[in-house]
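Results of the structural survey
Listed below, chain by chain, are the residues.
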Amino acid sequence: MLVSEQAQIIEQKYFKKQDVERIERLKLSINTTAELIGKGFEVHPSVTTPENVTNLFPDFRSIHLPNPETKQISTGDNEENKP
């Protein structure tokens, strides 16, 4: 629900005509970006970006995200293989 609302807000703010397909692409983009950020992906402005634009980017040091899941390599010694 939140993703749909955010997609609608972006659609209304930046586009003159409403387009259902564009809204669906925006929702997919929001979900994909959220998944990537959850895995540790960060987006930073260029070093030549003006300060007023740089201030629009999130400070990833202050965002508290769960650490990406670290999977342990199995040794192959599971209960099914034991005699």
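Now for a look at the structure at hand. The written sequence of each chain sets the order in which its residues are numbered from 1. With pLDDT at 70 or above as the cut-off, local features in this predicted model cover only qualifying residues; side-chain atom pairs require 80 or more to be listed or tallied, and sums for whole chains, interfaces and linings still use all residues. Note that the side-chain values use all heavy atoms of the structure and ignore hydrogens as well as water.

1. Notes on the overall build of the protein chain
This is how it is decided: Secondary structure elements follow DSSP: runs of H or I of four or more residues count as helices, runs of E of two or more count as strands, with numbering from the N terminus. Exposed residues in this analysis have more than 50% of their type's maximum accessible area, buried residues have under 20%, and partly exposed residues fall in between, with area computed by a 1.4 Å probe over protein chains only. Any two residues having at least one pair of non-hydrogen atoms within 4.5 Å are treated as being in contact.
The helix and strand tally for the protein chain stands at three helices and zero strands. Traced from its N-terminal end to its C-terminal end, the protein chain shows the element sequence α-α-α. Expressed as a percentage of its 83 residues, the buried residues of the protein chain come to 7%. Excluding contacts between residues fewer than 6 apart, the proportion of contacts in the protein chain whose partners are at least 24 apart in sequence is 24%.

2. Section: a nonpolar patch on the surface
Using the following cut-off: Patches here: salt-bridge-free residues with over 30% relative accessible area, like charges joined within 9 Å, nonpolar side chains (Val, Leu, Ile, Met, Phe, Trp, Tyr) joined within 5 Å. Every accessible area reported is derived by Shrake-Rupley at a probe size of 1.4 Å, with residue values counting cover from the shown protein chains alone. Should a side-chain nitrogen of Lys or Arg be within 4 Å of a carboxyl oxygen of Asp or Glu, the pair is scored as a salt bridge.
A grouping of Leu-36, Phe-41 and Val-43 is seen on the molecular surface, where their side chains present a nonpolar patch of about 230 Å² in accessible area. Positionally, Phe-41 belongs in the loop between helix H2 (20–38) and helix H3 (51–54).

3. Re the pattern of salt bridges
Under the defined criterion, the tally for this structure stands at three salt bridges. The residue Arg-22 makes a salt bridge to Glu-11 at a minimum N-O spacing of 2.9 Å. Separated by eleven residues along the polypeptide, Arg-22 in helix H2 and Glu-11 in helix H1 (residues 2–14) bring together distant segments of the chain. A residue is classified by how much of its surface remains accessible, and Glu-11, at 2% relative accessible area, is buried. For Arg-25, the salt bridge identified is with Glu-21, shortest N-O distance 3.2 Å. Separated by four residues within a single helix, Arg-25 and Glu-21 lie in helix H2, roughly one turn from each other.

4. Some words on the packing of aromatic side chains
Going by this rule: Here a pair means two rings of Phe, Tyr or Trp (six-membered ring of Trp) with centres within 6.5 Å. Their orientation is stacked below 30 degrees between planes, edge-to-face above 60, and tilted elsewhere. Two thresholds decide whether a charge sits over a ring: the Lys NZ or Arg CZ must be within 6 Å of the ring centre and within 35 degrees of the ring normal.
The full count for this structure, using the stated rule, is zero aromatic pairs. A cation over an aromatic ring shows up here: Arg-22 above the ring of Phe-15, its NZ or CZ 3.9 Å from the ring centre.

5. Remarks on the packing of H1 against H2
Axis angle and axis distance: for two packed helices, these are the angle between their axes and the distance between the axes, and together they describe the pair. Quick reminder of the rule: Fitted lines through C-alpha atoms give the axes, limited to the stretch in contact for helices. The angle between two N-to-C directions lies from 0 to 180 degrees. Throughout this description, any angle smaller than 35 degrees is read as roughly parallel, any larger than 145 degrees as roughly antiparallel, any in the 65 to 115 degree range as roughly perpendicular, and the remainder as oblique. Each crossing gets its handedness from the near helix: less than a right angle anticlockwise from the far helix is left-handed, clockwise is right-handed. All residues other than Ala, Val, Leu, Ile, Met, Phe, Trp, Tyr, Cys, Pro, Asp, Glu, Lys and Arg, Gly among them, are scored as polar; the first ten of these are nonpolar and the last four charged.
One can describe the packing of H1 onto H2 by two numbers: an axis separation of 9 Å at closest approach and a directional angle of 120 degrees. The orientation of H1 with respect to H2, classified from their angle, is oblique. Between H1 and H2 lies a crossing whose hand is right-handed. Contacts between H1 and H2 involve Val-3, Ser-4, Gln-6, Ala-7, Gln-8, Ile-10 and Glu-11 from the first element and Arg-22, Ile-23, Leu-26, Lys-27, Ile-30 and Asn-31 from the second. For the contact of H1 with H2, a count of residues per class yields six nonpolar, four polar and three charged.

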